[in-house]
Amino acid sequence: MSSQPAEIGRLLRAVKDYAKDDQSVCSFLEAILTLENEYLPHYTKVYRQLLEQHAQAEDQR
Amino acid sequence: MRIERLITHNYRQWKDLDLSLDKRGDRDLHVFVGENTYGKTNLLNAITYCLYGTEFHLSIDNGGKGEPPLNRGSRQALSDGEETSLWVEILVRGNGPALRFRRETWFRKHGEAVHKQRSRFIVTRHTASGNAVLDEGPGAEAIAERFVPKALKDFFVFDGERLTTYFDQAHRERIKAEVQQMARIDLLSLASDHLSTVTKTIERELGKANPDIELARAEKDKADELLANCVAEIETIQSQIVSAESELHELREQLKGIPNVADLERQREDLKKKIESGRAELEVRLTEKFGLLVEQRVLVGLGVPRARTEKLIKEKEDIGEIPPSVNVEVLDRALAAGVCEICGQHLSSESIQRIKKLIGRNSVISVVGAQLHRIKPSLAVHNERLGQIQLRLFELREGIAQYSRDIADAEKTISDIDARVSALEGMRVRVERRDGLETALKDNQLRLGMALERKVGCEARAKRAAEAFGQVLSTLDDAVKLRALVSFAARAQKILDRIKEGIMLEVRGKIEKSINYWFFKLISRRQSYREVTIGDDYSLRLIGLDGSDCLNTVAASEKKLLALAFTLALHSVSGFNAPLIIDTPVAETSGDQRRNFAKALVEVSQDKQVVLLFTPVEYSTEVSSEMDGMGTKRSIELNADEIASGVEVLSNG
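None of these values were measured; they are calculated from a predicted model.

A. Broad picture of the overall build of chain A. In terms of helices and strands, chain A carries three helices and zero strands. If you list the helices and strands of chain A from N to C, you get α-α-α. Within chain A, the proportion of its 61 residues that are buried is 44%. In chain A, the proportion of contacts linking residues at least 24 apart, taken out of those at least 6 apart, comes to 34%. Carbon and sulfur atoms make up 49% of the accessible area of chain A, which amounts to about 3,400 Å² in all.

B. Spatial organisation of the packing of helix α6 (residues 185-209) of chain B against helix α13 (residues 480-522) of chain B. All names here are of chain B. Between α6 and α13, the least distance of the axes is 10 Å, while the angle of their chain directions is 160°. The angle between α6 and α13 places the two elements in the roughly antiparallel class. Considering the relative orientation of α6 and α13, their crossing is left-handed. Classifying every residue of the contact of α6 with α13 gives 15 nonpolar, five polar and five charged.

C. The packing of aromatic side chains, seen in detail. Tallied over the entire structure, the rule returns seven aromatic pairs over all chains. For the pair F28 of chain A and F488 of chain B, a centre-to-centre distance of 5.5 Å together with 75° between the ring planes defines the contact as edge-to-face. Of this pair, F28 of chain A sits in helix α2 (residues 23-37) while F488 of chain B is found in helix α13, placing the two residues in two different chains. Look at F28 of chain A and you get buried, because its relative accessible area is 0%. A ring pair is formed by F101 of chain B and F121 of chain B, whose centres lie 6.3 Å apart and whose planes are at 10°; its orientation type is stacked. Pair noted here: F101 of chain B is in strand β5 (residues 99-110) and F121 of chain B is in strand β6 (residues 113-126), with a separation of 20 residues, a long-range link. Given a relative accessible area of 0%, F101 of chain B falls into the buried group. Here the aromatic residues F519, F520 and Y529 of chain B are joined through ring pairs into a cluster of three or more. Over the ring of W87 of chain B we find R102 of chain B; its NZ or CZ atom is 4.6 Å from the centre of that ring. Between the NZ or CZ atom of K220 of chain B and the centre of the ring of F469 of chain B, over which it lies, the distance is 5.2 Å.

D. Focus on unusual backbone geometry. Residue and element names in this part refer to chain B. In this structure, N10 takes a positive phi of about 65° despite not being glycine. By the secondary structure assignment, N10 is in strand β1 (residues 2-11). A residue is classified by how much of its surface remains accessible, and N10, at 3% relative accessible area, is buried. Despite not being glycine, T584 shows a phi value in the positive range, around 40°. In this structure, T584 sits in the loop between β11 (580-583) and α15 (591-604).

E. The arrangement of the nonpolar core in detail. Counting residues in hydrophobic clusters, the biggest one holds 135 residues, and the most contacted among them are L29 of chain A together with F101, F519 and M627 of chain B. The greatest single-element share of this core, amounting to 18 residues, is contributed by α13 of chain B. When residues no more than four places from it in sequence are discounted, the contact partners of F101 of chain B are C50, L51, V88, E89, I90, V92, F121, I122, V123, I143, A144 and F147 of chain B.

F. Expanded view of the interface of chain B and chain A. Each partner contributes residues to the interface: chain B has 39 residues there, and chain A has 34 residues. Roughly 3,200 Å² is buried in total at the junction of chain B and chain A, and carbon and sulfur atoms are behind 70% of that figure. Counting the surface chain B buries against chain A, the share from its top three residues, R146, L187 and F488 of chain B, is 23%. Remark: the boundary between chain B and chain A carries two salt bridges. One salt bridge connects D22 of chain A with R491 of chain B, and the closest N-O pair in it is separated by 2.6 Å. Summed over the shared surface of chain B and chain A, the number is three residue pairs in polar contact (both at pLDDT 80 or more). Contributing elements (two or more residues each) for the side of chain B that touches chain A: α3 (138-147), α6, α13 and α14 (556-574) of chain B. Here the element with the most residues in the side of chain B that touches chain A is α13 of chain B; it accounts for 15 residues. Classifying every residue of the side of chain B that touches chain A gives 27 nonpolar, five polar and seven charged.

G. Quick look at the state of the cysteines. Residue and element names in this part refer to chain B. Across all of its chains, the model carries zero disulfides over all chains by this definition. With no disulfide of its own, C343 lies 3.6 Å from the sulfur of C340, the closest cysteine sulfur. Residue C343 is classed as partly exposed on the basis of its relative accessible area, which comes to 49%.

H. Broad picture of the pairing of β5 of chain B. Residue and element names in this part refer to chain B. Summarising the sheet, strand β4 (residues 83-93) and β5 pair through ten bridges and their orientation is antiparallel. Each residue of the ladder has a partner; that of W87, found in β5, is E104. Two successive antiparallel strands, β4 and β5, enclose a turn made up of five residues. Here β5 folds back onto β6, and the loop between the two strands holds two residues, one of which, G111, carries a positive phi near 65°.

I. Region of the structure containing the side chain of T584 of chain B. The class of T584 of chain B is buried, set by a relative accessible area of 15%. Once residues lying within four places of it in the same chain are set aside, the contact partners of T584 of chain B are D159, G160, E161, L613 and E618 of chain B.

J. Fine view of the layout of surface pockets. All names here are of chain B. Reported here for the largest pocket is a volume of approximately 1,100 Å³. In terms of lining residues, the largest pocket is bounded by 26 residues, among which K220, D224, A490, Q493 and D497 are the most central. Going through the elements one at a time, α6, α7 (211-255), α12 (425-474) and α13 are the ones with two or more residues in the lining of the largest pocket. Here the residues of the lining of the largest pocket sort into ten nonpolar, six polar and ten charged.

K. Highlighting empty space enclosed by the protein. Residue and element names in this part refer to chain B. All chains considered together, the criterion is met by five cavities of 30 Å³ or more. By volume, the largest cavity amounts to about 100 Å³. Among the secondary structure elements, those contributing two or more residues to the lining of the largest cavity are β1, α1 (40-52) and β12 (610-614). Considering each element in turn, the lining of the largest cavity owes the most residues, three residues, to α1. In terms of residue class, the lining of the largest cavity is made up of eleven nonpolar, no polar and no charged.

L. Structural view of the sheet that holds strand β7 (residues 132-136) of chain B. Residues and elements named next belong to chain B. An order of β2-β1-β4-β5-β6-β7 is seen for the six strands of this open sheet, with the pairing classed as antiparallel. Among the strands making up the open sheet, the edge pair consists of β2 (14-20) and β7. Averaged over all adjacent pairs, the angle separating strand axes in this sheet is 20°, with direction ignored. Inspection of the sheet shows β1 paired to β4 by seven bridges, in the antiparallel sense. Paired with L6 across the two strands is I90, which belongs to β4.

M. Just the pattern of salt bridges, in detail. All names here are of chain B. Following the criterion strictly, the structure yields 40 salt bridges over all chains and no others. The salt bridge involving E104 is made with R102; its shortest N-O contact spans 3.0 Å. Classification of E104 as buried rests on a relative accessible area of 12%. Taking the shortest distance from any N to any O, the salt bridge between K220 and E203 comes out at 3.1 Å. You can see K220 sitting in helix α7 and its partner E203 sitting in helix α6, a full 17 residues away along the chain.

The rules behind these values
- Residues numbered from 1 in each chain as written.
- Chains lettered and ligands numbered in written order.
- Predicted model: local features only at pLDDT ≥ 70, side-chain atom pairs only at ≥ 80, totals over all residues.
- Heavy atoms only, no water.
- Helix = DSSP H or I, 4+ residues; strand = E, 2+ residues; numbered from the N terminus.
- Buried < 20%, exposed > 50% of the residue type's maximum accessible area, 1.4 Å probe, protein only.
- Contact = heavy atoms within 4.5 Å.
- Areas by Shrake-Rupley, 256 points an atom, 1.4 Å probe, with all protein chains shown as cover.
- Axes fitted to C-alpha atoms, helices over the stretch in contact; angles between N-to-C directions.
- Parallel < 35°, antiparallel > 145°, perpendicular 65-115°, else oblique.
- Left-handed = near helix turned anticlockwise from the far one by under 90°.
- Nonpolar A, V, L, I, M, F, W, Y, C, P; charged D, E, K, R; others polar.
- Phe/Tyr/Trp six-rings, centres within 6.5 Å; stacked < 30°, edge-to-face > 60°.
- Lys NZ or Arg CZ within 6 Å of the ring centre and 35° of its normal.
- Core = buried A, V, L, I, M, F, W, Y, C linked by side-chain atoms within 4.5 Å.
- Buried area = accessible area lost by both parts, 1.4 Å probe.
- Salt bridge = Lys/Arg side-chain N within 4 Å of Asp/Glu carboxyl O.
- Polar contact = N/O pair within 3.5 Å; in protein donor to acceptor, adjacent residues only side chain to side chain.
- Disulfide = S-S within 2.5 Å.
- Pairing = 2+ DSSP bridges.
- 1 Å grid on protein atoms, 1.4 Å probe; cavity = no way out; pocket = protein on both sides within 12 Å on 5 of 7 lines; lining within 4 Å.
- Points joined across faces, edges and corners; volume = space filled by probe spheres on them.

If you want it as structure tokens, here you go:
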């Protein structure tokens, strides 16, 4: 079984389509959707970390 | 993905089952035929029990009374304090390495009862290099979710009965929810919710740094909350309207042709009045009839003397005695006066002698003749009266019969009404429910209009608050990092919302296309309908040739086909290539529709594994003519002790 089932693949493709002009948001959403699919229990903390990481990366660019 | 093997031990009737579902030829079709109670439904239950730890298809007769799923024989064989286990294993394979799902549950006997001790769910992944990786707990459950998500299981493993009632309930909400599930919008919604929680935490942190920000944030939160409440209220009202409309439709269908009790009672009163006036008319006619019968009897009693008199008159008329030729009275007067009354001359003695002679001869005859002559018209009147009486009696008899019939009919109708009214006592509750729903529906429509108006105000306030918050935020030199996070999260939220809308639209369109393909393949009356549409409000419509929606008037069997078409459409759009397993798939269909049903499922088996469980009656000629030779057919047998079932392969396609 692939680590990314079909529906996640489709959601990720949709993210790329809709956020194509916003690369930072695109990679952030890809990351959180992959995490959601893994049913992470501590989502708030992980979200915060991811958000900070991506916003920071954007600042640096 | 397909199920290659199903192994059970001590699971309900399936004490020891090792079932290989090998694909034969280009179709992946597996037909099981078995009587009710032989264990068909428990094959479905074994699958959901293994994957989710729950049996979804329990009836009262099928373990629904709360007995543990442990095989009855194994349960009985346990001694007090002894432990045993049941397990179900499913071997699944797609293009990649195989997966083995195994759920084992241990039971211990205490006295007469058997109690569950513990359960273990393991997934073994066989990698390409031949290694086996074990997953347990949430990890194993996540893998089961990827095979068939629990939320979608009803589209993959279900009872055919589900299709019969599919569109009976409020289907708009259901379709919307199911399209959302299929589109996996839930993942986006989860992400959106979590992102919103994180953003609010960051905003609160910002508020702590500056009172102006805190003020603007509080207003923004308040405005957002009001808007969310308003939206939730609108959704609740809309949902109440949808379910009221659906229940109303159902009640109106049930009450169609059944007048309400008040109408029946009014009808009963009218009939009673009709009976009373009918009885009065009848009485008048019976009295008249009695009088006429008495008169008729008298007239008939006089019939013989009257006939004799008429005969006598006729005889006397024939011989010229009637009317009499000599008027004796005139002659008597002439003799007394001695003068002829006709010529006025004095009578000679010779004339007097001749007159006396004539009187002597004619006196008797003339008196009788004159009397007979006088009564002749009366005799004719009697005859005429008798004729009139007979005619009137005939009319009266007709009238009496008609009134008697009318009264009897009215009495029968009253008795029918009484029977219906007493049977309608149950209907009275429905009538009251219908009336109540109609009132509630009107109220809700009014409330909806007001809530929609309020929403416009809330949206404007939320927009103003968000702008004000943004403005205050832009003036803040400190907390640049937090500000960047809020702005970044807002952008991400916007994109998530756009993706949700876009995917829903796309999935809805795909489902609509697919449902049309399957529906027109399944139905026999293809010319009766134009298309199936899913509207912006997710209401499913079956459009007839005249452009009207026929969903509520279509026959139950065609509605079932529409539900199957919808299920197959959801399958093709879902992206999950999981098997389709249906218990009693063709119940309540017959003839061509049953054949089309079978044909469609054979077609589906070209793309995915299809497992169908039939009773021998359901596996009728229409089904067997389409399915025999197309896959593997097996029969399900129950052992003589009725505690273990077995499977025997009947034919391989």
